[in-house]
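Understanding the architecture of this molecule
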Amino acid sequence: MPELPEVEHVKRGIQPFVQGQTIESVVFSDKVKEGKAANKETIIKGLALDTFQHLTEKFVIKDIERRSKYIVFYLQRDDEERILISHLGMAGGFFVVDSVEDISVANYRKHWHVIFKLNNGKLLVYSDIRRFGEIRNVSSFEAYPSFLEIAPEPFTEAAMPHYLSWFGKKLYQNKPIKQMILDHRVISGCGNIYACEALFRAGIHPARLSKDLNHQEREMLFYYVREVLEAGIKYGGTSISDYLHADGSKGSMQLHLNVYKQKVCKVCGNDIETQVIATRNSHFCTTCQK
Ligand SMILES: [Zn+2]
């Protein structure tokens with residue numbers, strides 16, 4: 001699943017080609033049309049397809065930003081403003097191409113679902129092999145309240161005190177710390193890969209209960225979450241499963257992972273263990289993490 005660093009790179013890859021452009025038209029794949037006709041809300045959430053088109057076409061993409069694992073497009077047509085909120089799901093991606101045939105990866109070429117035709121002649125294509133991704137068109141963030149619950153961006157000053165405040169709430173006190181840091185209301189953008197890696201760097205076992213971490217461990221864990229996310233951005237994200245950049249190239253963070261899907265601990269040489277914690281596979285070293 002694309003996490004903060006991967007989504008950041010998708011955003012950086014498409015921004016130069018789409019910002020300032022007018023969306024001339026929107027086209028949907030047969031799968032999206034069939035899904036919507038069967039009330040399955042395939043990718044396009046909350047609006048009928050013709051309404052989505054009406055509220056997207058002829059709008060200018062004024063700005064684009066990443067927020068947690070979402071890519072947000074700010075649209076304007078005359079004095080009307082709309083916001084596209086997109087989530088890449090398990091294996092979605094945006095590509096900017098002249099034609100769908102130019103998408104370099106066959107699976108993404110085959111599984112395109114939404115095409116935004118831009119006035120510079122480019123196509124902004126949303127592809128999604130598993131169709132778990134989402135695109136919403138809303139008038140304001142208030143129309144999608146769960147978006148407003150997301151924690152401050154991890155690189156902002158507000159993020160650490162916000163995260164620490166969650167240790168005072170009941171919800172996660174008796175739950176594994178790993179589960180808590182995966183909640184984007186606690187830390188924004190930290191998915192499974194980066195949570196495993198941050199816990200390793202902090203020397204904290206993922207199944208430890210949140211309430212059992214002392215103050216120093218709590219703070220240290222946050223610093224390491226930020227550190228692994230920064231490393232992820234620096235190395236262009238982790239290309240383990242389906243993740244690729246907008247231009248089809250790969251990230252190299254997978255070469256810098258210590259525990260996620262690794263066999264042997266690079267520090268002590270013991271076997272890396274895998275255990276399901278709160279429905280997610282956790283990878284950790286029982287010697288280095290207590
Ligand atoms: Zn170890």
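Residues numbered from 1 in each chain as written. Predicted model: local features only at pLDDT ≥ 70, side-chain atom pairs only at ≥ 80, totals over all residues. Heavy atoms only, no water.

By the naming in an unreviewed UniProt entry, the protein chain goes by Formamidopyrimidine-DNA glycosylase and is assigned to Staphylococcus casei. Regarding the protein chain, the UniProt comment filed under Sequence similarities (unreviewed entry) reads as follows: "Belongs to the FPG family." (UniProt positions renumbered as here; feature names shortened; annotations may be inferred.)

1. Some words on the sheet that holds strand β4 (residues 70-77)
Strand order in the open sheet made by the five strands is β2-β9-β5-β4-β3, with mixed pairing throughout. A strand with exactly one partner marks an edge of an open sheet, and here the two such strands are β2 (44-45) and β3 (60-67). One ladder, built from seven bridges, connects β3 with β4; its direction is antiparallel. Directly across from Ile61, in β4, lies its bridge partner Leu75. With respect to the sheet, helix α1 (residues 4-18) is in contact with β3 and β4, its orientation differing from that of β3 by roughly 165°. (Pairing = 2+ DSSP bridges. Helix = DSSP H or I, 4+ residues; strand = E, 2+ residues; numbered from the N terminus. Contact = heavy atoms within 4.5 Å. Axes fitted to C-alpha atoms, helices over the stretch in contact; angles between N-to-C directions.)

2. Looking at the layout of surface pockets
In this structure, the second largest pocket spans a volume of roughly 230 Å³. As for the second largest pocket, its lining consists of Met1, Ser68, Lys69, Tyr70, His87, Gly89, Phe132, Glu134, Leu182, His184, Gly191 and Arg280. For the lining of the second largest pocket, a count of residues per class yields four nonpolar, five polar and three charged. Each of domain 1 (4-148) and domain 2 (159-284) accounts for three or more of the residues forming the lining of the second largest pocket. (1 Å grid on protein atoms, 1.4 Å probe; cavity = no way out; pocket = protein on both sides within 12 Å on 5 of 7 lines; lining within 4 Å. Points joined across faces, edges and corners; volume = space filled by probe spheres on them. Nonpolar A, V, L, I, M, F, W, Y, C, P; charged D, E, K, R; others polar. Domains from an automatic or database assignment.)

3. Quick word on the domain arrangement of the protein chain
According to the domain assignment, the protein chain consists of domain 1 (4-148) and domain 2 (159-284). For domain 1 and domain 2, the distance between their C-alpha centroids amounts to 28 Å. Taken together, the 21 residues of domain 1 in the interface contact 19 residues of domain 2. It is Pro5, Glu6 and His9 in domain 1 that bury the most area against domain 2; as a group they hold 33% of the surface buried on that side. Along the contact surface separating domain 1 from domain 2 lie five residue pairs in polar contact (both at pLDDT 80 or more). Going through the elements one at a time, α1 and β6 (92-97) are the ones with two or more residues in the side of domain 1 that touches domain 2. Sort the elements by how many residues they give to the side of domain 1 that touches domain 2 and α1 lands first, with nine residues. (Buried area = accessible area lost by both parts, 1.4 Å probe. Polar contact = N/O pair within 3.5 Å; in protein donor to acceptor, adjacent residues only side chain to side chain.)

4. A few points about the coordination of the zinc ion
Put simply, the ideal angle at a metal is 109.5 degrees for four donors in tetrahedral geometry and 90 or 180 degrees for six donors in octahedral geometry. The coordination sphere of the zinc ion, as far as protein atoms go, consists of Cys265 (SG), Cys268 (SG), Cys285 (SG) and Cys288 (SG), spread over 2.2 to 2.4 Å. In this structure, the zinc ion is surrounded by four donor atoms whose angles at the metal cover 97 to 116°, and the resulting shape is tetrahedral. Spacing between the donor residues of the zinc ion along the chain follows C-x2-C-x16-C-x2-C. Taken together, the positions of Cys268 in the loop between α9 (215-234) and β10 (273-277) and Cys285 in the segment after β11 (280-284) put the pair 17 residues apart, joining distant regions of the chain. Of the residues examined, Cys268 reaches a relative accessible area of 32% and is grouped as partly exposed. (Donors = N, O, S within 2.8 Å, 3.2 Å for Na, K, Ca; no water. Tetrahedral: all angles 85-135°; square planar, octahedral: opposite > 155°, others 65-115°. Buried < 20%, exposed > 50% of the residue type's maximum accessible area, 1.4 Å probe, protein only.)

5. What about the UniProt feature "domain: FPG-type" (unreviewed entry) in the protein chain?
Taken from the UniProt record, the annotation "domain: FPG-type" (unreviewed entry) applies to residues 258-290. Annotated as residues 258-290, this span is 0% helix and 30% strand, and its ends, taken at the C-alpha atoms, are 16 Å apart.

6. Section: the packing of aromatic side chains
For the structure on display, the rule yields 11 aromatic pairs. One aromatic cluster is present, built from ring pairs that chain together Tyr70, Tyr74, Phe141, Tyr144 and Phe147. Above the plane of the ring of Tyr144 lies Arg136, whose end atom (NZ or CZ) is 4.0 Å from the centre. (Phe/Tyr/Trp six-rings, centres within 6.5 Å; stacked < 30°, edge-to-face > 60°. Lys NZ or Arg CZ within 6 Å of the ring centre and 35° of its normal.)

7. Describing the UniProt feature "domain: Formamidopyrimidine-DNA glycosylase catalytic" (unreviewed entry) in the protein chain
This chain's UniProt record puts "domain: Formamidopyrimidine-DNA glycosylase catalytic" (unreviewed entry) on residues 2-133. Note that residues 2-133 is 26% helix and 39% strand, and that its end C-alpha atoms are spaced 11 Å apart.

8. Digging into the pairing of strand β9 (residues 134-138)
Among the five residues that make up β9, four are buried, leaving the element largely enclosed by the rest of the structure. Bridging between β2 and β9 involves two bridges; their strand directions are parallel. Paired with Lys45 across the strands is Arg136, a residue of β9. As judged from the five bridges shared by strand β5 (residues 80-87) and β9, these two strands associate in the antiparallel manner. Looking at β9, one finds that His87 is bridged to Glu134.

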